[in-house]
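The residues making up each chain are set out below.
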Amino acid sequence: MKEMKGWIFSRTKASRERNGESEPIQFVSCQFNGSRCVHQRNKINQCLFKSHDSFIDKEYDDSIEELKAAYTETLEISGSPCANCAQLFRHRITQSMEQIHGELERMTTGFFRWDCHKPSYELASTTINEFRENT
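Calculation criteria
- Residues numbered from 1 in each chain as written.
- Predicted model: local features only at pLDDT ≥ 70, side-chain atom pairs only at ≥ 80, totals over all residues.
- Heavy atoms only, no water.
- Helix = DSSP H or I, 4+ residues; strand = E, 2+ residues; numbered from the N terminus.
- Buried < 20%, exposed > 50% of the residue type's maximum accessible area, 1.4 Å probe, protein only.
- Contact = heavy atoms within 4.5 Å.
- Areas by Shrake-Rupley, 256 points an atom, 1.4 Å probe, with all protein chains shown as cover.
- Core = buried A, V, L, I, M, F, W, Y, C linked by side-chain atoms within 4.5 Å.
- Phe/Tyr/Trp six-rings, centres within 6.5 Å; stacked < 30°, edge-to-face > 60°.
- Expected span 1.5 Å × (residues − 1).
- Arc of directions from axis to C-beta.

Caption draft 1: The overall build of the chain, seen in detail. The helix and strand tally for the chain stands at four helices and two strands. Ordered by position from the N terminus, the helices and strands of the chain form the series β-β-α-α-α-α. Considering the chain as a whole, with its 135 residues, one finds that 41% of them fall into the buried category. The contacts in the chain between residues at least 6 apart in sequence include a share of 66% that link residues at least 24 apart. Here the chain displays about 7,700 Å² of accessible surface, and carbon together with sulfur accounts for 47% of that area.

Caption draft 2: Structural view of the nonpolar core. Residues I44, I77, I93, M97, I100 and L104 are the most contacted members of the largest nonpolar core, which totals 24 residues. Only α1 (38-56), α2 (60-74), α3 (80-108) and α4 (118-134) provide two or more residues apiece to this core. With residues near it in sequence (within four places) discarded, I93 still touches I44, L48, L67, A70, Y71, T74 and F131.

Caption draft 3: Quick peek at the packing of aromatic side chains. All chains considered together, the criterion is met by two aromatic pairs. Geometrically, the ring pair formed by F55 and Y60 is edge-to-face, given 5.6 Å between the ring centres and 70 degrees between the ring planes. Since its relative accessible area comes to 1%, F55 is described here as buried. Given the relative accessible area of 3%, Y60 is considered buried. A centroid spacing of 4.1 Å and a plane angle of 5 degrees characterise the contact between Y71 and F131, whose relative ring orientation is stacked. Taken as a pair, Y71 in helix α2 and F131 in helix α4 lie far apart in primary sequence, 60 residues in all. In this structure, Y71 and F131 share a single accessibility class: buried.

Caption draft 4: Seen up close, the environment of Y60. Mapped onto the elements, Y60 comes out in helix α2. For the pair Y60 and H101, spaced 41 residues apart in the sequence, the C-alpha separation amounts to 9.6 Å.

Caption draft 5: Focus on α4. A rise of 1.5 Å per residue sets the reference length of α4, with its 17 residues, at 24 Å; its end C-alpha atoms lie 25 Å apart and thus fit the reference within 8%. If you check which residues of α4 are buried, you get S120, Y121, A124, T127, I128 and F131. The buried residues of α4 occupy an angular sector of 125 degrees when projected down its axis, which confines them to one face. Turning to α4, the residues buried within the fold contact α2 and α3.

Here you go:
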């Protein structure tokens, strides 16, 4: 499995163009050739795409909810070798959530803060804590 380095949640680097990349999370090697988690992996990647698009549209709550849905989907992946991949998926989703949280934190603190994003920032904080409890 390889993680797409260009797949980041950043308002300064945000782009809707996929530039040929098919999925945020792709397999490089799997003893089952990805056949045991194909449904869950498709759902996870779809949620990541929707989350990224919502983030670009400044719909932060929707973006966070999509990441929650992706995280929940990883809990459906079980079995001896697949549990490791599911853990990597959760780690990648948590990283995305931390990136959103960091951007919201920058927008809600300091002299030029936007208080309208405070509820989204608090939702992001709560969600990260939930992710960390499940890890």
